[in-house]
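Overview (structure and organization)
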Amino acid sequence: MNASLSSPRPWVAFDLDGTLTRRETLPFFLREALGTPRFLGVVARSLPELGAYGLGRMRNDAVKEIVLRRSLGGRALAGLRPVATHFAERILPNLLSGPVWARAQEHRARGHGLVLVTATLALYAEPWAAAAGFDAAIATELELDGEGRITGRLRGANCFGPEKARRLQDFLRGQPLLWAYGNSRGDAEMLDMAARPVWIGPPQHRGQKLPPLVSTD
């Protein structure tokens with residue numbers, strides 16, 4: 001999903017996991033796609049890699065591909081789309097952070113362009129963003145084989161860190177980024193692009209006031 005940039009307006013970028021939501025969304029999606037017993041099996045097998053990532057010994061994209069290969073590798077993308085739609089409509093909304101979601105709605109009411117920029121899967125991030133009123137979504141894509149089955153690898157780079165900023169710059173094509181909201185090192189470069197960057201953490205999820213929007217926004 002992409003909005004037209006023919007009419008200039010202020011743009012606002014939101015990360016998804018840990019920013020608009022209180023928790024990472026991918027584990028919840030994989031549990032929905034696999035069922036709880038198989039999901040827990042994948043988690044158990046992947047504990048060494050997840051631990052290595054937590055210690056800074058493996059890259060985010062490398063660990064993600066390992067988990068995706070073990071969980072979704074070999075499955076037809078077409079067969080997963082109904083699961084992704086159900087997840088986007090019924091489960092992901094329950095993970096939203098009320099205060100941050102309210103801020104997104106406030107930006108939308110002011111006529112700002114909203115773009116979701118996330119390292120999670122476009123498979124469910126795009127339908128959720130479209131239903132939620134975002135103008136565009138930038139997310140991580142899955143590689144498919146010649147029969148439309150998921151290989152477990154990513155198509156293109158993981159939408160994380162510098163890649164987030166690069167893809168957002170390509171989308172904006174020189175238009176200003178007024179606000180950006182993120183919660184982790186994977187959002188740092190995107191936040192650096194914004195006139196008004198906002199780091200989101202547990203205090204904001206619990207209702208600590210966000211920097212106010214001003215009349216010139």
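Residues numbered from 1 in each chain as written. Predicted model: local features only at pLDDT ≥ 70, side-chain atom pairs only at ≥ 80, totals over all residues. Heavy atoms only, no water.

1. With respect to the overall build of the chain
Regarding its fold elements, the chain presents 10 helices and 6 strands. What you see for the chain is a C-alpha radius of gyration of 17 Å, in line with the 17 Å of a compact globule of 217 residues. Overall size of the chain, expressed as C-alpha extent along the three principal axes, is 50 × 35 × 35 Å. Across the 217 residues of the chain, 48% fall into the buried class. Here the contacts in the chain between residues at least 6 apart in sequence split such that 67% fall between residues at least 24 apart. When the accessible area of the chain is evaluated, it comes to approximately 10,300 Å², of which 51% is carbon and sulfur surface. Distance between charge centres in the chain, computed from 28 positive and 21 negative side chains, equals 4 Å. (Helix = DSSP H or I, 4+ residues; strand = E, 2+ residues; numbered from the N terminus. Rg over C-alpha atoms; globule rule 2.2 N^0.38 Å. Buried < 20%, exposed > 50% of the residue type's maximum accessible area, 1.4 Å probe, protein only. Contact = heavy atoms within 4.5 Å. Areas by Shrake-Rupley, 256 points an atom, 1.4 Å probe, with all protein chains shown as cover. Lys, Arg positive; Asp, Glu negative; His and termini not counted. Charge placed at Lys NZ, Arg CZ, Asp CG, Glu CD.)

2. Section: unusual backbone geometry
Here the phi dihedral of R173 falls at roughly 50 degrees; this positive angle occurs in a residue that is not glycine. As for its position among the elements, R173 is in the loop between α8 (162–172) and β5 (177–182).

3. Some points on the side chain of K164
As for its placement among the helices and strands, K164 is situated in helix α8. Among the polar contacts made by the side chain of K164, one reaches the main-chain carbonyl oxygen of V117 at a distance of 3.2 Å. For K164, the contacting residues outside a window of four places in its chain are D15, V117, T118, A119, C159, G186 and D187. (Polar contact = N/O pair within 3.5 Å; in protein donor to acceptor, adjacent residues only side chain to side chain.)

4. Overview of helix α6 (residues 98–109)
Taking 1.5 Å per residue as the helical rise, α6 with its 12 residues ought to reach 16 Å, and the 16 Å between its terminal C-alpha atoms agrees with that figure. For α6, the complete set of buried residues consists of V100, R103, A104 and H107. All buried residues of α6 fall inside an arc of 100 degrees around its axis, so they share one side. Of the surrounding secondary structure, the elements contacted by the buried residues of α6 are β1 (11–14), α1 (16–20), β2 (113–121), β5 and α10 (202–205). Backbone geometry just downstream of α6 places G111 in the positive-phi region, at approximately 85 degrees. (Expected span 1.5 Å × (residues − 1). Arc of directions from axis to C-beta.)

5. A closer look at the nonpolar core
Membership of the largest hydrophobic core comes to 50 residues, with the highest contact counts inside it found for L20, F29, L72 and W128. In contact with W128, other than residues within four places in its own chain, are L16, L20, A88, L92, P93, L96, W101, L116 and F134. (Core = buried A, V, L, I, M, F, W, Y, C linked by side-chain atoms within 4.5 Å.)

6. Structural notes on the sheet that holds strand β6 (residues 196–199)
Whether parallel or antiparallel, the strands of a sheet pair through hydrogen bonds between backbone atoms. The 6 strands are arranged β4-β3-β2-β1-β5-β6 in an open sheet whose pairing can be described as mixed. Among the strands making up the open sheet, the edge pair consists of β4 (150–155) and β6. Taken over all neighbouring pairs, the strand axes of this sheet differ in orientation by 25 degrees on average, direction set aside. Two strands pair when backbone bridges link them, and β5 and β6 are joined in this way by 4 bridges, in the parallel orientation. (Pairing = 2+ DSSP bridges. Axes fitted to C-alpha atoms, helices over the stretch in contact; angles between N-to-C directions.)

7. Considering the side chain of T21
Within the element layout of this structure, T21 appears in the loop between α1 and α2 (26–34). A distance of 2.7 Å separates a polar atom in the side chain of T21 from the backbone oxygen of R23. The contact partners of T21, leaving out residues within four places of it in the chain, are L16, L92, L95, L96, S97 and H205.

8. What to know about the pattern of salt bridges
Under the definition given, this model contains 12 salt bridges. With a closest N to O distance of 3.2 Å, E49 and R70 form a salt bridge. Of this pair, E49 sits in helix α3 (residues 36–54) while R70 sits in helix α4 (residues 60–72), and the two are 21 residues apart along the sequence. Residue R70 is classed as partly exposed on the basis of its relative accessible area, which comes to 21%. R59 is the salt-bridge partner of D61, the closest N and O atoms lying 2.9 Å from each other. The class for D61 is partly exposed, based on a relative accessible area of 24%. (Salt bridge = Lys/Arg side-chain N within 4 Å of Asp/Glu carboxyl O.)

9. Observations regarding the pairing of β2
By the criterion of burial, β2 is predominantly enclosed, with 9 of the 9 residues buried. Here β1 runs beside β2; their pairing, made up of 4 bridges, is parallel. Within β2, the position partnered with A13 by the bridge is V115. Note: β2 against strand β3 (residues 136–144), 4 bridges, orientation parallel. In the sheet register, V117 faces β3, and the bridge partner there is I138. Since β2 and β3 lie parallel, the crossover through helix α7 (residues 122–131) that links them has a hand, and here it is right-handed. (Right-handed = clockwise from strand over helix to strand, strands pointing away.)

Scope: geometric values only; no functional claims are made or implied.
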